[in-house]
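Coordinate inspection notes
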Amino acid sequence: MRKPKIAVLGATGVVGREILKCIEKLDIPYESIKLLSSAKSAGKKVEYRGETLTVEEATPDSFEGINIVLASAGGDTSKKFAPEIVKRGGVIIDNSSAFRMDKDVPLVIAGVNDEDLKKHKGIIANPNCSTSQLMPVLKPLDDFAKIKRMIVSTYQSVSGAGLAAINELKESTQASLDGKDFEPKKFVKPIGFNVIPQIDVFCENGYTKEEMKVTNETRKILHLSENVPISCTAVRVPVFRSHSEAVTVEFEKDITVEKVKEILSNTKDVVVMDDTANSIFPTALDTAEKDPVYVGRIRKGIAFDNAIDFWCVADNLLIGAALNTVKIAQKVFEYQLF
């Protein structure tokens, strides 16, 4: 089985660095690896798996002979380089929103809809972080009882907005502790000791782009009908890593709490952490830097028939970005789709 030549585009960013860790952790085989970035980061040295790698500025020629590109450099960069990668015979696994809703681009969570990978035409999209952690939980439940409608409220950490956002949380918090005014740059309001009910820009329907990503991407990944209502409210919270989500799902047939726990306890990459009598349920601190999706507070919904409410937490830099990207690459390698 041939080994791919790999490139990491956006290698010096928060997600790019996690991608490198995940390649090593999952022991992804490769013939060679190339680190690419903007001109600003070019020339940096990275110690990786016993060798010193020099970060290169990404240009179209950088992808000559490359089989698989793991990209986390923003939508504009992906749009710029994806055609160049495909033209040279490579496959790009893209973390941005640039191609997610393109009908010719598979939107994939590894282990959930792997078969969609076989339809790729050189571009594979990684879902939005808040969508990603829901999919391993929803897929087996949908298989059993079929989703009828869903309401999601997200509590998203600042790392989902990059390194500048992480630094802004530190600075904003310190300013608040010092009793000083703080002028936010990354967020629309100070994030220290605050909760901001806006992620991304507002659409005409009053929802934000982030909220509509959850709606539209869930339907695409799970192959749900457009008639299945999905509503989301996305909120930024003063947490460094891990997104938390409160979810209500109504199913077409009855499903008990016991059955949900049984199904999820037997689902790969999902951990049930649910013992309310002893205050056992997942939190952001519990899940940071851990691979699985954690689920707790599972209870029978009282707002709809055949509904289940649950709390879902996962590291947004892993399942929501780097880990899923690398797992997709693992599947592309396994299926020899490059």
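Right, let's walk through the structure included here. Here the structure is a predicted model, which means the values were calculated and not measured.

This part covers the overall build of the protein. Looking only at helices and strands, the protein features nine helices and 14 strands. Over its C-alpha atoms the protein spans a radius of gyration of 20 Å, differing by no more than 12% from the 20 Å that the globule rule assigns to 338 residues. With respect to the principal axes defined by its C-alpha atoms, the protein has extents near 55 × 55 × 40 Å. Per-residue burial over the protein gives 52% buried out of 338 residues. Counting only carbon and sulfur atoms, one obtains 50% of the accessible surface of the protein, whose full area is about 15300 Å².

Moving on: the pattern of salt bridges. A complete count under the given rule lists 27 salt bridges for this structure. For Asp269, the salt bridge goes to Lys327, with nearest N and O atoms at 3.3 Å. Pair noted here: Asp269 is in the loop between helix 7 (257-265) and strand 12 (270-272) and Lys327 is in helix 9 (residues 318-334), with a separation of 58 residues, a long-range link. Its relative accessible area of 16% is what places Lys327 among the buried residues. Three or more residues are tied together by salt bridges with common partners; here these are Asp61, Glu64, Glu84, Lys87 and Arg88.

Right, let's talk about empty space enclosed by the protein for a bit. If you walk through the whole model with that rule in mind, you get one cavity of 30 Å³ or more. There is about 40 Å³ of room inside the largest cavity. Taken together, Ile109, Ala110, Pro136, Asp269, Asp291, Ile319, Leu323 and Lys327 make up the lining of the largest cavity. Residue composition of the lining of the largest cavity, by class: five nonpolar, no polar and three charged.

Another point: the packing of aromatic side chains. In total, this model carries three aromatic pairs according to the counting rule given. Ring centres 5.6 Å apart and planes at 50 degrees place the aromatic pair Tyr155 and Trp311 in the tilted group. Placement of the pair is Tyr155 in strand 9 (residues 147-156) and Trp311 in strand 14 (residues 307-314), with a sequence separation of 156 residues. Here Trp311 falls in the partly exposed class, since its relative accessible area comes to 22%. Judged by centre distance (6.4 Å) and plane angle (20 degrees), the rings of Phe333 and Phe338 are stacked. Take Phe333: its relative accessible area is 13%, and that puts it in the buried class. For Phe338, a relative accessible area of 14% gives the class buried. In this structure, Lys118 packs its charged tip against the face of Tyr335, placed 5.0 Å from the ring centre. Across from the ring centre of Phe144, 4.4 Å away, lies the NZ or CZ of Lys253, which sits over that ring.

Bringing helix 6 (residues 209-222) into the picture now. The first and last C-alpha atoms of helix 6 sit 20 Å apart over 14 residues, in line with the 20 Å expected at 1.5 Å per residue. The buried fraction of helix 6 amounts to ten of the 14 residues, a majority that puts the element mostly inside the structure. For helix 6, the full list of buried residues reads Glu210, Glu211, Lys213, Val214, Thr215, Glu217, Thr218, Arg219, Ile221 and Leu222. Taken together, the buried residues of helix 6 touch helix 3 (129-132), helix 4 (135-145), strand 9 and strand 10 (230-236). At the exit of helix 6 stands His223, carrying a positive phi of roughly 55 degrees.

What follows concerns the environment of Val201. In this structure, Val201 sits in the loop between helix 5 (163-177) and helix 6. Judged by its relative accessible area of 46%, Val201 falls in the partly exposed class. Separated by ten residues in sequence, Val201 and Glu211 place their C-alpha atoms 9.9 Å apart. Apart from the residues within four sequence positions on either side, Val201 is in contact with Tyr207, Thr208 and Lys209.

Attention shifts here to helix 4. Within helix 4, eight of the eleven residues are buried, which leaves the element mostly enclosed by the surrounding structure. Along helix 4, the residues that are buried comprise Met135, Pro136, Val137, Leu138, Pro140, Leu141, Asp142 and Ala145.

A word on the sheet that holds strand 1 (residues 5-9). The strand order across the open sheet formed by six strands is 5-2-1-6-7-8, and the pairing between neighbours is parallel. Unpaired on one side and paired on the other, strand 5 (56-57) and strand 8 (123-125) mark the two borders of the sheet. Across five bridges, strand 1 lies against strand 2 (residues 32-37) in parallel orientation. Looking at the pairing, Ala7 lines up with Lys34 of strand 2. Running at roughly 160 degrees to strand 7 (residues 91-94), helix 2 (residues 75-87) makes contact with strand 1, strand 6 (68-71), strand 7 and strand 8 of the sheet. Across the sheet, helix 9 touches strand 6, strand 7 and strand 8, and the angle it forms with strand 6 is around 165 degrees.

Rules used throughout
Residues numbered from 1 in each chain as written. Predicted model: local features only at pLDDT ≥ 70, side-chain atom pairs only at ≥ 80, totals over all residues. Heavy atoms only, no water. Helix = DSSP H or I, 4+ residues; strand = E, 2+ residues; numbered from the N terminus. Rg over C-alpha atoms; globule rule 2.2 N^0.38 Å. Buried < 20%, exposed > 50% of the residue type's maximum accessible area, 1.4 Å probe, protein only. Areas by Shrake-Rupley, 256 points an atom, 1.4 Å probe, with all protein chains shown as cover. Salt bridge = Lys/Arg side-chain N within 4 Å of Asp/Glu carboxyl O. 1 Å grid on protein atoms, 1.4 Å probe; cavity = no way out; pocket = protein on both sides within 12 Å on 5 of 7 lines; lining within 4 Å. Points joined across faces, edges and corners; volume = space filled by probe spheres on them. Nonpolar A, V, L, I, M, F, W, Y, C, P; charged D, E, K, R; others polar. Phe/Tyr/Trp six-rings, centres within 6.5 Å; stacked < 30°, edge-to-face > 60°. Lys NZ or Arg CZ within 6 Å of the ring centre and 35° of its normal. Expected span 1.5 Å × (residues − 1). Contact = heavy atoms within 4.5 Å. Pairing = 2+ DSSP bridges. Axes fitted to C-alpha atoms, helices over the stretch in contact; angles between N-to-C directions.

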